[in-house]
Amino acid sequence: MRRLFVGLTAVSVLAAATACGSSGSGGPDGAGSSGGTTTVEVGLIPIVDVAPLYLGRKKGFFEERGLELSFSSAQGGAAIVPGVVSGQFEFGFSNMTSLMIAQSNDVPVKAVANGIASTGVVGEDFEALTVRGDSPITSAKELEGKKVAINTLKNINETAVRASVGAAGGDPDKVDFVELAFDQMPAALDGGRIDAAMVVEPALATVKSQGGREIASPMVDVAPKLTVAMYFTSTRYARENPEVVKKFQEATAESLAYADAHPDEVRETVTTYTKIPADVLAKVTLPKWPAEPDRSSITALAKLGHADGLFERFPDLDALLP
């Protein structure tokens, strides 16, 4: 937990700086405007999940509303949250647990548009709890005393795995969680350095290609149709630039709907901003991109996170969600 709260303290410091006028948002026109066009910087993680924004920019959905998107890549939400709060980015992408942790610690963030959702189908989701093909483990209950890799400790994937272990009748407190980057999990699992891995695409496709198998779909165990991540801004930017936020929401919703209906174009788009080989992408299970977040699923995730001790106080979902 120490590292979690050190990170949040850093975010709080940035928030204080923003409140003192260090934001570079440039007033009510946002990051900058020219001839009726407003340029906004969006902090993204270069993964399949954010393909709709790349696709929406290509299709002109944002341009039609007077927005020009500029993308900046980050390794994860831990870097994107302070970037948005400080004014480095006007919008960002982060998983719901990271946003709820921030909100519950008075970091001024506001979710404005849906990001991704689970498919809701066990064994057919973009994420899975996996083991080697020759592993004797057949159930999440059997992970007690075993080494399980997750990408970030004390965050959404740990909560999800704990939910699967509990649902299977096991004790989540007896699982040995270790932190490992998604792209390192397939080799670690295949080499026997870990007993199980909570992977997302495209690492999931890689694990399967090595003969690995799924024993649970943790995101589905949290809640059907779980809203996993959303796009967000700072509360200050939302307050000072309501029209820009509205245009971003509308264009993002159109982009999500288009992506959901055109999976082949999504896969083609992903090759333009990642190094994922096309043959791997062909086997990847895509997430769902509904236009609206599922409030009940976020509440379920918040309750589990609170039980896991991730929040000093329960997050105010009315304040966080659009």
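For the structure itself, look to the data block above.
Residues numbered from 1 in each chain as written. Predicted model: local features only at pLDDT ≥ 70, side-chain atom pairs only at ≥ 80, totals over all residues. Heavy atoms only, no water.

Draft legend 1. Expanded view of the packing of aromatic side chains. Counted by the stated rule, this structure contains eight aromatic pairs. Here F62 and F248 contribute two aromatic rings whose centre-to-centre distance is 5.9 Å and whose plane-to-plane angle is 45°, an arrangement assigned as tilted. With a gap of 186 residues between them, F62 in the loop between α2 (51–59) and β3 (67–73) and F248 in helix α10 (residues 242–261) connect regions that are remote in the sequence. The class of F62 is buried, set by a relative accessible area of 1%. Taken together, the aromatic side chains of F62, F91, F93, Y231, Y237 and F248 make up a single cluster linked through ring pairs. (Phe/Tyr/Trp six-rings, centres within 6.5 Å; stacked < 30°, edge-to-face > 60°. Helix = DSSP H or I, 4+ residues; strand = E, 2+ residues; numbered from the N terminus. Buried < 20%, exposed > 50% of the residue type's maximum accessible area, 1.4 Å probe, protein only.)

Draft legend 2. Representation of helix α5 (residues 156–167). Between its first and last C-alpha atoms α5 spans 16 Å; for 12 residues at 1.5 Å apiece the expected length is 16 Å, and the two agree. The buried count for α5 comes to 10 of 12 residues, which makes it a mostly enclosed element. Those residues of α5 not exposed but buried are I156, N157, E158, T159, A160, V161, R162, A163, S164 and V165. Where α5 terminates, the next one or two residues include G169, which has phi positive at roughly 95°. (Expected span 1.5 Å × (residues − 1).)

Draft legend 3. Examining the packing of α10 against helix α11 (residues 263–270) more closely. For the pair α10 and α11, the least separation of the axes is 5 Å and the interaxial angle reads 105°. As the angle between them shows, α10 and α11 are arranged roughly perpendicular. Where α10 abuts α11, its residues Y258, A259, D260 and A261 lie against P263, E265 and V266. A class-by-class count of the residues in the contact of α10 with α11 yields five nonpolar, no polar and two charged. (Axes fitted to C-alpha atoms, helices over the stretch in contact; angles between N-to-C directions. Parallel < 35°, antiparallel > 145°, perpendicular 65-115°, else oblique. Contact = heavy atoms within 4.5 Å. Nonpolar A, V, L, I, M, F, W, Y, C, P; charged D, E, K, R; others polar.)

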